[in-house]
Amino acid sequence: VQLQASGGGLVEAGASLRLFCVGSGRTVSTLLMGWFRQPPGKEREFVAHISRGGGTTVYTDSVKGRFTISRDVAENTVYLQMNSLEPEDTAVYYCAARLRSRWYCVSPYGMDYWGKGTLVTVSS
């Protein structure tokens, strides 16, 4: 499984960005897909998951109501729509996939595949 994330950039607070994660080697409908982020000088942290069936999404509290994870199985792509961005959202964002289990996991160690990160910088 290979994952390619893109869509990051430099924006002002309050703006929106949409991140893309294109998968290859396995369809996203057979994987629990997720987004994690690593702020400068901090540990990698969970942001959002979408279930294998696509019907269940989970978010960390700090992004609830602002971020939306979704997917397009035909495009084998997972998205992270980020609205009302805050300076605290500044981080390298990573797309990840979990094959070993269908249950979501907030620990980065529970994910099996990772894409290269895409940098999101939010200025105040």
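The text that follows walks through the structure, step by step, so that each part is easy to find. (Residues numbered from 1 in each chain as written. Predicted model: local features only at pLDDT ≥ 70, side-chain atom pairs only at ≥ 80, totals over all residues. Heavy atoms only, no water.)

1. Description of the overall build of the protein chain
Step number 1: Each helix and strand in the protein chain was counted, giving 0 helices and 11 strands.
Step number 2: In sequence order, the protein chain lays out its α and β elements as β-β-β-β-β-β-β-β-β-β-β.
Step number 3: A globule of 124 residues ought to have a C-alpha radius of gyration of about 14 Å, and the protein chain, at 13 Å, matches this closely.
Step number 4: Judged by the C-alpha coordinates and their principal axes, the protein chain covers about 40 × 30 × 25 Å.
Step number 5: The proportion of buried residues among the 124 residues of the protein chain is 42%.
Step number 6: For the protein chain, the proportion of contacts with a sequence separation of at least 24, taken over those separated by at least 6, is 56%.
Step number 7: Surface exposure of the protein chain reaches about 6,200 Å², of which carbon and sulfur atoms provide 49%.
Step number 8: Side-chain charges of the protein chain comprise 13 positive and 10 negative groups, with the mean position of each set lying 10 Å from the other. (Helix = DSSP H or I, 4+ residues; strand = E, 2+ residues; numbered from the N terminus. Rg over C-alpha atoms; globule rule 2.2 N^0.38 Å. Buried < 20%, exposed > 50% of the residue type's maximum accessible area, 1.4 Å probe, protein only. Contact = heavy atoms within 4.5 Å. Areas by Shrake-Rupley, 256 points an atom, 1.4 Å probe, with all protein chains shown as cover. Lys, Arg positive; Asp, Glu negative; His and termini not counted. Charge placed at Lys NZ, Arg CZ, Asp CG, Glu CD.)

2. Quick look at the pairing of strand β9 (residues 91-98)
Step number 1: Counted residue by residue, β9 has 7 buried out of 8 residues, so it is predominantly covered.
Step number 2: Here strand β4 (residues 32-38) pairs with β9 via 7 bridges, running antiparallel. For glutamine 38, the partnering residue across the bridge sits in β9 and is valine 92.
Step number 3: Where β9 meets strand β10 (residues 113-114), 2 bridges bridge the pair, whose relative direction is antiparallel. Its bridge partner lying in β10, alanine 96 is registered against tryptophan 114. (Pairing = 2+ DSSP bridges.)

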